[in-house]
Amino acid sequence: MPFHIPSEEEYGEYAVVMKGIMKQFPKVLANDNVDLFVKKGEIHAIVGENGAGKSTLMNQLYGLYNADSGRILINGAEMEIKNPKDAINSGIGMVHQHFMLVGPLTVAENIVLGNEPVKKGDIFDLKKAKAEVKKISNDYGLEVDVNALIEDIPVGTQQRVEILKTLYRGAEILILDEPTAVLTPQETEELFVVLRNLQKAGKTVIFITHKLNEVISVSNNVTVMRMGKVTGRIPTMETSTKELANMMVGREVLLRVKKDEHDAKEPVLEIDNLCVKDNRHLMAVNGISMTLRKGEILGIAGVAGNGQTELIESVAGLRKPVSGKISLKGIDITNSSPREIRELGLSHIAEDRFKYALIKDFSVSYNIILGRHYREPFAANGLLKKRDVENISKKLVEEYDVRPREIHIDGGNLSGGNQQKMVVAREIDYNPECMLVAQPTRGLDIGAIEFIHKTLVELRDKDVGILLVSMELEEILSLSDRILIMYEGEFMGEIKPGESSLEEIGLMMAGSTLKELRGISNEK
Amino acid sequence: MKNSKWIKVLIPIVSVFIALLVASIIILIIGEGDLGQRFNFLVNAYSEMIRGAFGSSSALMNTVIKMTPLILTGLAVGFGFRAGVFNIGAEGQMTMGALISTIFAVNATQLPSFIAIPFTIIIGMLAGGIWAAIAGYLKAKTGAHEVITTIMLNWIAYNIANWAVTGPFNDGSGTPKSPEIAESAMLPNLLTSQATFLSFGIFIAIIAAIVIYFILYKTSMGYEVKAVGFNPYAAEYGGISVSKNIILTMAISGALAGLAGTLESIGLYYRFYGTLSSGKGFDGISIALIGQNNPIGIIFASLLIGGLRTGSNQMQFAGVPKHIVTIIQSIIIFLVAGERMITTLLRIDRKKGVK
Amino acid sequence: MDALIAILGTFTNPVFYKLTLSASTPLLFAALGGLFSERTGVTNIALEGIMLMGAFSGVVGSFVFSSPWIGLILAIISGIGLSALHAYASIKFSANQIVSATALILLAQGLTGFLLEPIFGQPGSTPIVEKIPDIHLDFLGKESFLYKMLGSLSPFIYLAFLLVIVSYFVIYKTRLGLRMRAVGENPEAADTLGVNVFKIRYFGVIMSGIFASLGGAYLSIGELGQFSENMTGGKGFIALAAMILGNWKPKGAMLACLLFGMAEAMNEQLQSNPQLAIPSNIKPLFNLLPFVITIIVVGGFVGKTRGPAASGIPYEKKG
């Protein structure tokens, strides 16, 4: 039985109906005539790659954005949801990807904040708050210690608190945005138990994800999105991760990069059994080893937050590893400073452009000299060489097509694409032997993407070793010579582009190792 | 885009204007009689002030004498701001600079001037620099806020100086002051007019401004300082050590304040009185903000504040307490801190669009 | 040996404890004030200036209206006024809170110095004015240890320690306090739950103004009966250090203030101890002790105690 598309009369049986939703952002059509049908009491998954428009759609349902056009019906009644308050009043609750919790307050305090029970004037009735929270927690099997401080409890429990917050406010429809992105596998399992309990209690759950095995294990129906459009809807019973991957990624690769065969040379970057912790002091990179050779692009594919950021930062010297060894050209750089590492011939296109790669109050030419501001060709004897700074900046701005061709305006005044071209120009003009490239095309338009891709391939042909991290599978597939798939701080396997099916890659991104997958297919 | 530079100049000018306006209202309020009389009182007060600051050659000289340390404390605070540190302790660094350099200068009797003067200056700068570097070190290593630590260092410096000039470093007169410095360590005078004399100190201050300008705009070091101030993460990414630069910036900032104190000792008083600074460190804050942390702007801002300070002495005779200058300064600082008040007032914000 | 005996002797002297209480009181007012402000996410280093203004306004009230009680009211009004300026710039215009507060310290110094002469006819300091009377506990018996310690204390001292309890109650037991703590830690989370971040912050900053001005008023119309220029002498900053040392908690702040107060009392006792006969020119070296302690506290504890996460960061609503 395929997915049933309800008629207007049947809308009453649906907790949520979104019809013809259009949402245009300055540079992208985020939702293009999207329809969504969520039955009362079901768990409905919305899947798609990053940027497919899933979160945008849900943010409109929760009133954080307003649609350009389209209708929203809750339990069959047409609703205008202008802000989160309207959503809460319509019985909708949302758990955001980034939790909105107050660390030093207790679980109970966090849940009742804004709707606190009081006695005699303004005295906070903590006892009643705890009792109410305990009751809800018992009702739905969401076990929490009401007296614990948020900062002392694990992320999985924090998420439970977020869910309790929505239930305390009377939510009947729960939206969870990438709820498993920050969870360990065990926590994910626990979350699924909670979601099933909520379903049993009559709640409707919508959850956004791009991990397909999760969809299979917990949802009733799936809506698949790609590039702002719905590309499929199907009851979960009747589909497989394979089929979902096809719908999610699409068959045709959109960006074709012209790339000739090129032989990799000697190793330039070697990583041995590296462990790195993230800002929460949890292990983010879990004992990985790899070798990058000159003249190759080694792509690291994976869902965001699986340790890629920490890996790159530790190689660049911005984050101290817990253990393991990193060597560049055979020299141990595990505990070297960013400057020492750069001096050895490593350059770095940072993932977070605004935090790391750009000083927005500096002019374009000053941004271009960052990292080489103390030495030739830009400085000698501690003095900046103004003429060389300007000439080289001008040359680079020309060569890398940074617009406007103006080296004295502030970097912050360039458009995103031109900022990134500026960063790329700077990092390539280093004449690096090894380059870390993280999310090089995020948020850029097609033209800039093509330019950056072409440039990276040219560098490879000049025998630079490039370590590429991207959440865009397409990008990894079209640029890389070899691909490592990263999940939970570990590599699931190494493949060559074209050698593996998209399904296989998708499954590895979701935590299956290559060995397991190949083992299974051999048995068949 | 060009607009933002224009706004940068406009904000301090408008702030100064508003501050003067508020001061006028205060003067009107404390005046006596009907509105006409009060208005005369106000006009009289301001004309006295201008006369006191610029009205005669000795008035002008006094203004320049006041300017000298102000340029340096303004540079000290402004340079710190460039790296994102707020050196509110120029006061104490000036005191330490003056104290230590005076100790040297008093004992420099055997040295010829061309050695005694530069050495005294270098020692004063070192003393101020080290004093400030304590706060820099604490900020870089433990995260202690430099505003609290430098204020505490101010009080410590004040008490040390007080102890020195009443005890071991007293000139024997019983009043709190040091012995006179050796003649060879005295800065030669540039001009004398009646009882007023102007030393070469002003040149040294202006040279310091030029050097700081040079460091900020022409050297890799200045580049690093500014990078740390604008975006410490990007600085780190670009191979710039943030903690090293914070300590270094504080040290340079303190050295400038130390120089201010030294010049007061060897160019004006020829001895050390223990409490010489009388708010010049705090003046440095308003000067840096008015000059928008630009050394050339700071010279002009010092002229303004120095003029106000000198003129306010004359203004006292017209019946307006000289503290009016402190009030004016506080309003300027307040408005520059909340610069959005000015941009909102002028409705520039809306045109700037998103941010 | 003499010094040791003198120090030990101090501990048996009831006056030492009285001095400790009176030296802690202005710090305690200001530290509690700072705590209210920082708990809602606005740093207020202008405490020093607010105290100074409060001290001055108190004397003005007592002088002009011959009633220290009117002075007290004036002091509170001045505290509200200055802190409202700070709140307005910081909350409404996202001003740099440190620079804005510095301006207010200068404003207080300027205004008090400026107004001294027109009001009192003399620069530097005011004449002696009527103080708020001490509370006498005659039933303790004039000669008893307890009487010498607690027998005649300013009502400000009682108020300061009472405010520790009140602050604790407000911050930890009321709805308002819960919201204050939430706003100071994560304003965005509080905002998504319908808590008015701006209102709470205005409240915190203005409370800090009221408290700090009481601390200032104590110095003038509670203790000395006089105002002199810059009489707060860094107490506002020491109070901030006490707040940090006390881990942004009322009880902790109280203990820290008592510690600082004790140091000051010890200092005074030793300096005036006839057996030690400390020469007057060494006294400045004793006077710098509280400042050294403050630096050590701020440098050594800042990483170990933890302030409200959002303190000092302007909050701007998105969208």
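Since the model is a prediction, treat every value here as computed from it, not as a measurement.

## Overview of the overall build of chain A
Inference 1: Scanning chain A from terminus to terminus reveals 18 helices and 24 strands.
Inference 2: With the C-alpha coordinates aligned to their principal axes, the bounding extent of chain A is approximately 70 × 60 × 45 Å.
Inference 3: Taken over 524 residues, chain A has a buried fraction of 48%.
Inference 4: Residue pairs in contact within chain A that sit at least 24 positions apart in sequence constitute 68% of those at least 6 positions apart.

## Here we look at the overall build of chain C
Inference 1: Tallying secondary structure elements over chain C gives 14 helices and 2 strands in all.
Inference 2: Relative to a compact globule of 319 residues, whose C-alpha radius of gyration would be 20 Å, chain C shows 20 Å and is just as compact.
Inference 3: Along the first, second and third principal axes, the C-alpha atoms of chain C reach 70 × 45 × 40 Å.
Inference 4: Within chain C, counting contacts between residues at least 6 apart in sequence, those at least 24 apart form 77% of the total.

## So, the interface of chain B and chain C
The extent of an interface is frequently quoted as the accessible surface area lost upon association of the parts.
Inference 1: On the side of chain C, 39 residues touch chain B, which itself brings 35 residues to the contact.
Inference 2: Contributions of two or more residues to the side of chain B that touches chain C are made by helix 5 (113-142), helix 6 (146-166), helix 11 (280-290), helix 13 (324-337) and helix 14 (339-346) of chain B.
Inference 3: Looking at the side of chain B that touches chain C, the element that brings in the most residues is helix 6 of chain B, giving 12 residues.
Inference 4: A per-class count over the side of chain B that touches chain C returns 22 nonpolar, 12 polar and 1 charged.

## Side note on the packing of helix 7 (residues 201-218) of chain B against helix 8 (residues 220-230) of chain B
Residue and element names in this part refer to chain B.
Inference 1: Where helix 7 meets helix 8, the closest approach of the two axes is 5 Å, and the angle between their N-to-C directions is 75°. Looking at the two axes, helix 7 sits roughly perpendicular to helix 8. Here I215, L216, Y217 and K218 of helix 7 come into contact with helix 8, specifically with M221, G222 and K226.
Inference 2: A breakdown of the residues in the contact of helix 7 with helix 8 according to their chemical character gives 4 nonpolar, 1 polar and 2 charged.

## As for the environment of G103 of chain A
Inference 1: Mapped onto the elements, G103 of chain A comes out in the loop between strand 6 (92-95) and helix 3 (107-112).
Inference 2: When the 16 C-beta atoms within 10 Å are taken as the criterion, G103 of chain A is described as partly exposed.
Inference 3: As a C-alpha pair, G103 of chain A and I153 of chain A span 50 residues in sequence and 9.5 Å in three-dimensional space.
Inference 4: When near neighbours in sequence (up to four residues on either side) are disregarded, G103 of chain A contacts I150 and E151 of chain A together with E185 and A309 of chain C.

## Comments concerning the sheet that holds strand 1 (residues 14-24) of chain A
Each strand in a sheet pairs with its neighbour through backbone hydrogen bonds, running either in the same direction (parallel) or in the opposite one (antiparallel).
Residue and element names in this part refer to chain A.
Inference 1: With respect to topology, 4 strands assemble into an open sheet ordered 2-1-4-5, the strand pairing being antiparallel. A strand with exactly one partner marks an edge of an open sheet, and here the two such strands are strand 2 (29-39) and strand 5 (77-79). Neighbour to neighbour, the strand axes of the sheet diverge by 25° on average, direction disregarded.
Inference 2: Here strand 1 pairs with strand 4 (residues 69-74) via 5 bridges, running antiparallel. Its bridge partner being in strand 4, M18 is matched across the sheet by I72.

## A look at the interface of chain C and chain A
Inference 1: With 17 residues of chain C at the interface, the matching set in chain A holds 15 residues.
Inference 2: At the level of elements, helix 8 (175-185) and helix 9 (187-192) of chain C are the ones that each hand at least two residues to the side of chain C that touches chain A.
Inference 3: When its residues are assigned to classes, the side of chain C that touches chain A shows 8 nonpolar, 4 polar and 5 charged.

## What about the packing of helix 2 (residues 14-39) of chain C against helix 7 (residues 155-173) of chain C?
Residue and element names in this part refer to chain C.
Inference 1: Closest axis-to-axis distance for the helix 2/helix 7 pair is 9 Å, and the angle between their directions is 25°. Between helix 2 and helix 7, the crossing angle belongs to the class labelled roughly parallel. The hand of the helix 2/helix 7 crossing is left-handed. Contact residues: helix 2 offers L21, S22, T25, L28, F29, L32, L35 and R39, while helix 7 offers F156, I157, A160, L163, V164, S167 and I171.
Inference 2: Of the residues that constitute the contact of helix 2 with helix 7, the class distribution is 11 nonpolar, 3 polar and 1 charged.

## Examining the pairing of strand 21 (residues 434-438) of chain A
Residues and elements named next belong to chain A.
Inference 1: Within strand 21, 5 of the 5 residues are buried, leaving the element largely enclosed by the surrounding structure.
Inference 2: The alternating pattern of strand 21 places C434, L436 and A438 and M435 and V437 on opposite faces, both of which are buried.
Inference 3: Pairing between strand 18 (residues 346-349) and strand 21: 4 bridges, direction parallel. Across the sheet, residue S347 finds its bridge partner in strand 21, namely M435.
Inference 4: Direction of pairing for strand 21 relative to strand 22 (residues 465-469): parallel, over a ladder of 5 bridges. The partner of L436 across the bridge, within strand 22, is L467.

## Brief notes about the sheet that holds strand 11 (residues 221-226) of chain A
Residues and elements named next belong to chain A.
Inference 1: Taken together, the 6 strands give an open sheet; going across it, the order is 6-9-10-3-11-12, and neighbouring strands pair in mixed fashion. Of all strands in the sheet, those bounded by a partner on one side alone are strand 6 and strand 12 (229-235). The average angle at which neighbouring strand axes cross in this sheet is 15°, direction not considered.
Inference 2: The sheet contact formed by strand 6 and strand 9 (residues 173-177) spans 4 bridges and is parallel. Each residue of the ladder has a partner; that of G93, found in strand 9, is L174.

## Some words on helix 8 of chain B
Working note: α-helix, 3.6 residues per turn, so residues spaced by three or four point in the same direction.
Inference 1: For helix 8 of chain B, the tally of buried residues reaches 10 of 11 residues, placing the bulk of the element in the interior.
Inference 2: Residues of helix 8 of chain B that are buried include every one of S220, M221, G222, Y223, E224, V225, K226, A227, V228 and G229 of chain B, and no others.
Inference 3: Residues of helix 8 of chain B that are buried sit in contact with strand 19 (379-380) and strand 20 (383-384) of chain A together with helix 3 (57-82), helix 7, helix 9 (232-237) and helix 10 (242-269) of chain B.

## With respect to helix 5 of chain B
Inference 1: Taking 1.5 Å as the rise per residue, helix 5 of chain B with 30 residues should run 44 Å; its terminal C-alpha atoms sit 43 Å apart, in good agreement.
Inference 2: Looking at the residues trailing helix 5 of chain B, positive phi occurs at G143 of chain B, about 80°.

## Digging into the pairing of strand 3 (residues 43-47) of chain A
All names here are of chain A.
Inference 1: A large share of strand 3 lies buried, amounting to 5 of its 5 residues.
Inference 2: Here strand 3 shows a buried face lined by I43, A45 and V47 and a second buried face lined by H44 and I46.
Inference 3: Here strand 3 runs beside strand 10 (residues 204-209); their pairing, made up of 5 bridges, is parallel. When the bridges of strand 10 are listed, I43 appears paired with V205.
Inference 4: Direction of pairing for strand 3 relative to strand 11: parallel, over a ladder of 4 bridges.

## A word on the environment of H348 of chain A
Residue and element names in this part refer to chain A.
Inference 1: Mapping H348 onto the fold places it in strand 18.
Inference 2: The exposure class assigned to H348 is buried, which follows from the 29 C-beta atoms found within 10 Å.
Inference 3: With sequence-adjacent residues up to four places away left out, H348 is seen in contact with A316, E427 and L436.

Conventions and cut-offs
Residues numbered from 1 in each chain as written. Chains lettered and ligands numbered in written order. Predicted model: local features only at pLDDT ≥ 70, side-chain atom pairs only at ≥ 80, totals over all residues. Helix = DSSP H or I, 4+ residues; strand = E, 2+ residues; numbered from the N terminus. Buried ≥ 20, exposed ≤ 12 C-beta atoms within 10 Å, placed from the backbone. Contact = placed C-beta atoms within 7 Å. Rg over C-alpha atoms; globule rule 2.2 N^0.38 Å. Nonpolar A, V, L, I, M, F, W, Y, C, P; charged D, E, K, R; others polar. Axes fitted to C-alpha atoms, helices over the stretch in contact; angles between N-to-C directions. Parallel < 35°, antiparallel > 145°, perpendicular 65-115°, else oblique. Pairing = 2+ DSSP bridges. Left-handed = near helix turned anticlockwise from the far one by under 90°. Expected span 1.5 Å × (residues − 1).

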